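# Reading the structure
What follows is the residue order along each chain.
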Amino acid sequence: MQGKMKAAVLVKPGKIEIQEWDIPIPSKDEALVRIKAVGLCGSDVHYYEHGKIGPYVVGKPMILGHEAAGEIVSLGSDVRHLTVGQRVTIEPGVTCGRCHHCKSGHYNLCPKVEFLATPPYDGAFCEYIAIRADFLYPVPDHMSYERAALIEPFSVGLHAVRRGRLKPGETVVIMGMGPIGILALAAAKAAGAKRIIGVDLEPFRLERALQMGATDVVHLRKEDAIEAINRITHEQKADLAIETAGNGKAAQAALRSVRRGGRVVLVGLPQESETPLSIPYIVDNEIDIYGVFRYCNTYPTGVALLADDDIDLGPVITDYMTLEQTAAAFEKAIKEKNSTLKIIICP
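Residues numbered from 1 in each chain as written. Predicted model: local features only at pLDDT ≥ 70, side-chain atom pairs only at ≥ 80, totals over all residues. Heavy atoms only, no water.

Ranked by internal contacts, the top residues of the largest apolar core, which has 50 residues, are Phe154, Ile174, Leu185, Ile242, Val265 and Leu313. Of all elements in the fold, only helix 3 (145–149), helix 4 (151–163), strand 13 (171–175), helix 5 (179–190), helix 6 (203–211), strand 16 (238–243) and helix 10 (299–306) reach the threshold of two or more residues within this core. For this core, the element with the highest residue contribution is helix 5, accounting for 7 residues. What valine 265 contacts, discounting residues up to four positions off in sequence, is Ala160, Arg163, Gly164, Leu240, Ala241, Ile242, Glu243, Tyr290 and Val292. (Core = buried A, V, L, I, M, F, W, Y, C linked by side-chain atoms within 4.5 Å. Buried < 20%, exposed > 50% of the residue type's maximum accessible area, 1.4 Å probe, protein only. Helix = DSSP H or I, 4+ residues; strand = E, 2+ residues; numbered from the N terminus. Contact = heavy atoms within 4.5 Å.)

Right under this line is the structure:
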């Protein structure tokens, strides 16, 4: 398939233009996907505002967006397991498949990963992308494209819950009720958590957390997180804390919100390169701390869990916008955090 497509291109920090790009031609092991829905992620916003995240610097005009789903329109000559017309969700990190990390099943740690919308690789705020076919997962015909797109951020929650070794019946605290925090909440609920405590500054997000199944919420503008968690758990604290806010104080609070022998999973990335944590407290209480880098081996589970309506994603999605409205979507995500969670772009 040859021709031109529309793409929302970050030309410099704070400026996105709609441009015409060539429709990519899939290589023999790739498929061409017509993009139907893309979620706007916090990392996209960070690139839009600052032009970089840590060592990843936007050095040329690029397309953002990596939470995507669409329809297969053509296949490379070696692709046999997919068909034209299939609805698919897209796992955005194409790995080498040969290094130790890939071979051992931890392919999210592959040093050669090519991840959509991470410089220098373009993303999915456009009409078509070509991607290696083994990173496409068919979804049921009844699954909406926006639901299929959210399997990507849901995967972060699934991976966090797995890393934290959550067991049915346990109590979980989630610091930060943004989209990742709320989808981690959904993953914790699906894994059998008995009590889920959501913590945030924004009442709107806490309301959505309750709609998604949180048993309790803590409004940080009104009460101290640890005091509230102690009250809610009758001084027993949580078994597991998941930090998604990307805030040093939230990481410190997560540490002190779990019982002795508890676990803490760090998902969010603070602006600071170093965050102080009390090693004597960690050692004295024998607390396990886990880092989360994206996810691995989650997409089949994500498809299975979201294939029915047991997990309602309605509270997560607050806005739908067209590709031409991409710049406005970024501005809304930055300026209206008190009323915005996940914005879906529909090319």
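Picking up after the structure, the text goes on.
Turning next to the environment of arginine 294. Locating arginine 294 in the fold gives a position in the loop between strand 18 (288–291) and helix 10. Taking C-alpha positions, arginine 294 is 32 Å from lysine 222, a pair spaced 72 residues apart along the chain. Not counting the four nearest positions on each side in its chain, arginine 294 is found in contact with Val113, Phe115, Thr118, Val156 and His159.

Structurally, the protein chain comprises domain 1 (4–138 + 316–345) and domain 2 (157–291). One C-alpha centre belongs to domain 1, the other to domain 2; they are set 29 Å apart. Each partner contributes to the interface: domain 1 provides 11 residues, whereas domain 2 provides 12 residues. Counting the surface lost from both domain 1 and domain 2, the interface buries some 920 Å², and carbon and sulfur atoms represent 67% of this. In terms of surface lost to domain 2, no three residues of domain 1 exceed Val316, Asn338 and Leu341, which account for 55% of the buried area on that side. The tally of links between domain 1 and domain 2 comes to 0 salt bridges. (Domains from an automatic or database assignment. Buried area = accessible area lost by both parts, 1.4 Å probe. Salt bridge = Lys/Arg side-chain N within 4 Å of Asp/Glu carboxyl O.)

One open sheet accounts for 6 strands, arranged 15-14-13-16-17-18; its pairing is parallel. Each having just a single partner strand, strand 15 (216–219) and strand 18 make up the two edges of the open sheet. With strand direction ignored, the average angle separating the axes of adjacent strands in the sheet is 15°. With 4 bridges joining them, strand 17 (residues 258–266) and strand 18 adopt parallel strand pairing. Looking at strand 18, one finds that arginine 263 is bridged to aspartate 288. (Pairing = 2+ DSSP bridges. Axes fitted to C-alpha atoms, helices over the stretch in contact; angles between N-to-C directions.)

Turning our eyes to something else, we now look at the pattern of salt bridges. Within the structure shown, the criterion is met by 17 salt bridges. Salt-bridge contacts for glutamate 331 lead to lysine 335; the nearest nitrogen and oxygen are separated by 3.1 Å. Within this pair, glutamate 331 and its partner lysine 335 are both found in helix 11 (residues 326–335), separated by 4 residues, close to a single helical turn. By relative accessible area, glutamate 331 is classed as partly exposed at 26%. Among the residues examined, lysine 335 registers a relative accessible area of 63% and is labelled exposed.

Now for the sheet that holds strand 2 (residues 15–22). Read across the sheet, 3 strands follow the order 2-1-6 without closing on themselves; strand pairing throughout is antiparallel. Looking along the sheet, the strands with just one partner apiece sit at the ends: strand 2 and strand 6 (62–63). For strand 1 (residues 4–12) and strand 2, the ladder comprises 8 bridges, and the chain directions are antiparallel. In the strand pairing of strand 2, alanine 8 is matched with isoleucine 18.

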